Amino acid sequence: MLPRREFVRTSLLAAGAAACASRTRFSAASQAASADSRIEVLLDEPLGTISPNIYGHFTEHLGGVVYDGMWVGENSPVANVQGIRKRLVDEMRKIKAPVVRYPGGCFADSYNWRDGVGPPDKRPRRTNFWNDAEKESAPDNHKFEPNRFGTNEFIRFCKLIGAEPYLAANLRSLPAEEFYHWVEYCNSPAGSTTLADLRAAAGSPEPFNVRFWGVGNESWGCGGNFTAQEYAVEYRRFVTWLPHYGKGQDLFLVASGPYTEETSWTRGFFEELLRKGADQLRSVQGLSLHHYAWNLSRGRTTDWEKGKGSALEFEPMDWYELLREGQRIEGIMENHWRALGEYDGQRRIKLIVDEWGPWYRPGSELTPGNLLEQIPTLRDAVFSAMTLDIFNRHPDKVAMANCAQLINCLNSLYLAHEDKFCVTPVGHVFAMYAAHQGGQSLRTIFSAPPVRYDRDGKPASFWGLQGSASLRGKELQLTVVNPHVSEARETSILLRGARIASGSATILTNADLHTHNTFAQPAALEPQTKPLSLTSAAPTFVFPPASVTRLTLMLA
Ligand code: AHR
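On a predicted model such as this, the values are computed, not experimentally measured, just so you know.

## Regarding the environment of Thr552
Its location among the elements puts Thr552 in strand E26 (residues 547-555). Overall, the relative accessible area of 13% leaves Thr552 in the buried class. Other than its neighbours up to four places away in sequence, Thr552 contacts Glu475, Leu476, Gln477, Ser502, Gly503 and Ser504. Of note is the side chain of Thr552, whose polar atom sits 2.8 Å from the side chain of Gln477.

## Re the site of the ligand
Around the ligand sit 13 residues, and of these Glu60, Cys106, Glu218, Tyr292 and Glu355 come closest. Contact between the ligand and Cys106: an oxygen atom at 2.9 Å from a main-chain N or O atom of the residue. A distance of 2.8 Å is found between an oxygen atom of the ligand and a side-chain nitrogen or oxygen belonging to Tyr292. Protein chains shield 93% of the accessible area of the ligand, which is 280 Å² for the free molecule. Residues belonging to the shell around the ligand are distributed by class as follows: seven nonpolar, three polar and three charged.

## So, the pairing of strand E9 (residues 164-169)
Counting buried residues in E9 gives five out of six residues, a clear majority hidden from the surface. With four bridges connecting them, E9 and strand E10 (residues 212-215) associate as parallel partners. The residue bridging Tyr166 from the neighbouring strand is Phe212, located in E10.

## Some details on the state of the cysteines
Counting across every chain of the model gives one disulfide. Across a sulfur-sulfur distance of 2.2 Å, Cys106 and Cys222 are joined as a disulfide pair. Its S-S torsion of approximately -85° makes the covalent link between Cys106 and Cys222 left-handed. Of the two residues, Cys106 sits in the loop between strand E6 (99-102) and strand E7 (126-127) while Cys222 sits in the loop between E10 and helix H7 (228-239), which places them 116 residues apart along the sequence. Cys409 provides the cysteine sulfur closest to Cys403, a residue in no disulfide bond, and the two sulfurs are 10 Å apart. Sulfur of Cys422: no disulfide; nearest cysteine sulfur belongs to Cys403 and is 15 Å away.

## A word on the confidence of the model for the protein
Any segment with low pLDDT has predicted coordinates that should not be analysed in fine detail. Looking at the protein, pLDDT values average 93 and 93% of them are 70 or higher. Put simply, strand E1 (residues 7-9) is where the protein has its lowest mean pLDDT, 33, and helix H10 (residues 378-393) is where it has its highest, 99. Confidence over residues 20-34 falls short of pLDDT 50; this stretch has 34 contacts with residues more than four positions distant or in other chains.

## Some details on the pattern of salt bridges
Counted according to the given criterion, the structure contains 28 salt bridges. We note a salt bridge from Arg298 to Asp456, for which the minimum N-O separation is 2.7 Å. Of the two residues, Arg298 is situated in the loop between strand E12 (286-293) and helix H9 (316-341) and Asp456 in the loop between strand E18 (451-455) and strand E19 (458-462); the sequence distance between them amounts to 158 residues. For Arg298, a relative accessible area of 16% corresponds to the buried category. In this structure, Arg300 and Asp456 form a salt bridge, with 3.3 Å as the shortest nitrogen-oxygen distance. One end of the pair, Arg300, is in the loop between E12 and H9; the other, Asp456, is in the loop between E18 and E19, with 156 residues separating them in the sequence.

## Quick look at the sheet that holds strand E13 (residues 350-358)
The sheet built from eight strands closes into a barrel, its strands ordered E3-E6-E9-E10-E11-E12-E13-E14 with parallel pairing. Going across the sheet, the axis of each strand differs from the next one's by a mean of 25°, ignoring polarity. Set on the sheet, H9 makes contact with E12, E13 and strand E14 (398-404); between it and E12 the angle comes to about 160°.

## Some points on the packing of aromatic side chains
By the definition in use, this model includes 32 aromatic pairs. Considering the side-chain rings of Tyr180 and Trp241, the 4.9 Å spacing of their centres and the 85° angle between planes classify their relative orientation as edge-to-face. Taken together, the residues Tyr180 in helix H5 (residues 176-187) and Trp241 in the loop between H7 and strand E11 (252-255) connect sequence positions 61 residues apart. The exposure class assigned to Tyr180 is partly exposed, which follows from its relative accessible area of 24%. Arranged with centres 4.5 Å apart and planes meeting at 35°, the rings of Tyr320 and Tyr453 form a pair that is tilted. Of this pair, Tyr320 sits in helix H9 while Tyr453 sits in strand E18, and the two are 133 residues apart along the sequence. For the pair shown, Tyr320 and Tyr453 are each scored as buried. Here the aromatic cluster, defined as three or more aromatic residues joined through ring pairs, consists of Phe107, Tyr111, Trp113, Phe179, Trp182, Tyr185, Phe208, Trp213 and Phe238. Between the NZ or CZ atom of Arg101 and the centre of the ring of Phe58, over which it lies, the distance is 4.7 Å.

What counts, and where the lines are drawn
- Numbering of residues begins from 1 in every chain and follows the order in which that chain's sequence is written.
- pLDDT decides what is reported in this predicted model: residues at 70 or higher carry local features, side-chain atom pairs at 80 or more are listed and counted, and totals for whole chains, interfaces and linings draw on all residues regardless.
- Processing note: side-chain calculations cover all non-hydrogen atoms of the structure and skip hydrogens and water entirely.
- In this text, helices come from DSSP runs of H or I with a minimum length of four residues, and strands from runs of E with a minimum of two, each type numbered from the N-terminal end.
- Remark: exposure states derive from per-residue accessible area (1.4 Å probe, protein chains only) relative to the maximum for the residue type, with buried under 20%, exposed over 50%, and partly exposed in between.
- A contact between two residues is defined here by any heavy atoms of the two lying within 4.5 Å.
- Pairs of N or O atoms are called polar contacts if they sit within 3.5 Å, as long as, within protein, a hydrogen donor faces a hydrogen acceptor (for residues adjacent in sequence, only side-chain-to-side-chain pairs).
- What makes a residue near a molecule or strand is one non-hydrogen atom of that residue sitting within 4 Å of it.
- To be clear on the numbers: accessible area is Shrake-Rupley with a 1.4 Å probe, and residue cover counts the displayed protein chains and nothing else.
- Residues are sorted three ways: Asp, Glu, Lys and Arg are charged, Ala, Val, Leu, Ile, Met, Phe, Trp, Tyr, Cys and Pro are nonpolar, and all the rest, Gly among them, are polar.
- DSSP calls a pair of strands paired once it identifies at least 2 bridges connecting them.
- Cysteine sulfur atoms that pair up within 2.5 Å are treated as a disulfide.
- Confidence of the predictor in every single residue is expressed as pLDDT, which spans 0 to 100.
- We count a salt bridge whenever a side-chain nitrogen from Lys or Arg sits within 4 Å of a carboxyl oxygen from Asp or Glu.
- Angles here are taken between N-to-C directions and fall from 0 to 180 degrees, while the axes themselves are lines fitted to C-alpha atoms, restricted in helices to the stretch in contact.
- Any pair of Phe, Tyr and Trp rings, taking the six-membered ring for Trp, is counted once the centres come within 6.5 Å. Such a pair is stacked with planes under 30 degrees apart, edge-to-face with planes over 60 apart, and tilted for the rest.
- By definition here, charges over rings are those cases where NZ of Lys or CZ of Arg is within 6 Å of the ring centre and within 35 degrees of the ring normal.

Pasting the structure below:
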């Protein structure tokens, strides 16, 4: 055990200060550092291993996600690997994408997996779940699902990027039999079943071994409009029998869960499920939880359309409002975790945050007409870093999270159209934070003056610095968000019982809060990495305003 009070103070000043100096829009006054912030990493207080799956993704047959985003086709002039956009594959390998959820979302509960397998030219065309929301001018394959991309193509995508698949089964509009047939199609051994033969005929004799299965999606809404009790009855029926193929092939089943702090769905579901006996608990491995930060009206309305803000046009007050809405996810997780504990005393069931991110009103599509596409800015990078830090701080509770969505939709990591492609600021955050995957999360205390600002004429505040730390061997990752739109934070970094041998700082920031990448300017916002000057006398790092920073510290 490391001695509790052996603090090592190390100079980290130079890199952060350089990042501040490179900001052009903020004046000298706004860059004045307040030297009263402190981060203390408690190396002797591990919180648990950070599941790599916290860094997961979500892809739905929605707008330009699949057709154009992921799938361009084998004969496309766009560089591709067996029909899948090559640039996307290359980028996702870089960020160590661990898991991808598919095919929805709401789409999942209107999807018949059989439509997407077998010879491509024989696959049926169907009306897409999102057809009603699509504009007349949208591409046909966004309105009418051609099923050119189905299970095999999705698994191919996962294999190419080295990720595990997470499939969402249709509970609203297919019988339970179709769920277990989909499991059989994916997992039955080569040559064992008719469905295994169908899979082999499509070029995949070996099973896909899909472990993660969602049992419906948002079953309180688009997934069936069930009450929690009704859903629990359906859930029991759907999972009472599913095919298993040998040891180590256990399925991880995710029940559709809540989307607010309120716990009646979670309680209603488990109470009904357990009415049939305590052993029913073994049929659930994960409880899904969704959180979108969409209401930027500052309490004026709860209307789903009217409450939304603009992705690109915003004031500092809107910046903070988005972060406040995003921060709510921590309370949502804690509430449902507590409620879950009343039924699962052994804490076997984990939270699966399989949709999260900001959701703005239409109007900022980089490819006009792409449904739910929005252009992520520096604000969304800060939001995403804040969210990933929250997951890192709760490794005991969250087993998986899936950012909504991967490409051309909501909080995209990438935007693509035909041969054009760019990495968004959110994509850069995922690249920076990949270093936490599989690390040991460490309790870390952040002390900084809160941000104080005017919220519609009333004083409001938000935390001053937050982040997370993880350790793998001798490598410590400390990620930090400074949400203040104009003030840097000069911060002492204290490590209990360790000495820093070397380090580097990677910083994502810009003087303009609205900075974003486009096809024309794909590198408007990119992280900068610099070595740290480790002169032991100066124990501080300056976190620039509106920034995401990763400090990588090699311990001696
Ligand atoms: O991500 C877009 C949609 O948001 C999903 O289809 C649905 O699950 C959620 O309401």
